[in-house]
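# Understanding the architecture of this molecule
Residues per chain, in single letters:
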Amino acid sequence: LEGYLGRKHDLEAATKRASNRSWSTRYCVLRGGQLAFFKDAKSRALGLPCHGEEPLGLQDALCEVAAGYKKKKHVFKLRLSNGSEWLFHGKDEVRGIPEWGMGWLE
Ligand code: I3P
């Protein structure tokens, strides 16, 4: 499963706000229990992660609609087992995560 999503780092750890809190677009690849980030499909094909970012390990992670986040629609939250939290912004289109009415940004 892969495609473009907006991404915002919200918490670095359970009680620590992330320092870089701005939204950025990433080509996200969900595979083998990891979520990896690339600038675009070409760098994904070349296996070059965006800014050398480590993939997020999803073991014991929680994922839910970010109902409390009101500034954008179609946002889901990922809470990793280490307490860090990330927000992801999808497109208003039924692809990707259809049960939430979310899809990839085109
Ligand atoms: C952040 C940027 C984000 C904003 C965040 C700001 O500033 O404006 O868009 O999140 O607010 O800190 P900068 O680009 O200077 O890092 P929202 O879009 O969700 O408001 P926050 O610190 O309240 O999360």
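Our subject is the structure listed above.
Reference entry: report on the structure contained in this document. Small disclaimer: the values here were computed from a predicted structure and weren't measured.

To continue, consider unusual backbone geometry. You will see that H51, though not glycine, has its phi angle at about 50 degrees, which is positive. With respect to the secondary-structure elements, H51 resides in the loop between α1 (41-46) and β5 (56-57). Taking relative accessible area as the criterion, H51 reaches 71% and is therefore assigned exposed. One non-glycine residue, D60, lies in positive phi territory at about 65 degrees.

When charged atoms on two side chains of opposite charge get close, those side chains can pair. If you walk through the whole model with that rule in mind, you get nine salt bridges. Note that R44 and E2 form a salt bridge whose closest N and O atoms lie 3.0 Å from each other. Linking R44 in helix α1 with E2 in strand β1 (residues 2-13), this pair joins segments that are 42 residues apart in sequence. Classification of E2 as partly exposed rests on a relative accessible area of 31%. Note that E85 is salt-bridged to R79, the shortest N-O span being 2.7 Å. Owing to a relative accessible area of 8%, E85 belongs among the buried residues under this scheme. Several salt bridges converge on common partners, so that one network encompasses E64, K77, R79 and E85.

One finds L5, C28, L35, F37, L56, F76, L78, L80, W86 and F88 forming the largest nonpolar core, which totals ten residues. Put simply, the parts of the chain that give this core at least two residues each are β4 (34-38), β7 (75-79) and β8 (85-89).

This paragraph deals with the site of the ligand. Neighbouring the ligand are K8, R17, R21, S22, W23, Y69 and K71. W23 is positioned such that a nitrogen or oxygen atom in its side chain is 3.4 Å from an oxygen atom of the ligand. With the chains in place, 49% of the 500 Å² that the ligand exposes on its own is no longer accessible.

What counts and what doesn't
- Residues numbered from 1 in each chain as written.
- Predicted model: local features only at pLDDT ≥ 70, side-chain atom pairs only at ≥ 80, totals over all residues.
- Heavy atoms only, no water.
- Helix = DSSP H or I, 4+ residues; strand = E, 2+ residues; numbered from the N terminus.
- Buried < 20%, exposed > 50% of the residue type's maximum accessible area, 1.4 Å probe, protein only.
- Salt bridge = Lys/Arg side-chain N within 4 Å of Asp/Glu carboxyl O.
- Core = buried A, V, L, I, M, F, W, Y, C linked by side-chain atoms within 4.5 Å.
- Near = heavy atom within 4 Å.
- Polar contact = N/O pair within 3.5 Å; in protein donor to acceptor, adjacent residues only side chain to side chain.
- Areas by Shrake-Rupley, 256 points an atom, 1.4 Å probe, with all protein chains shown as cover.

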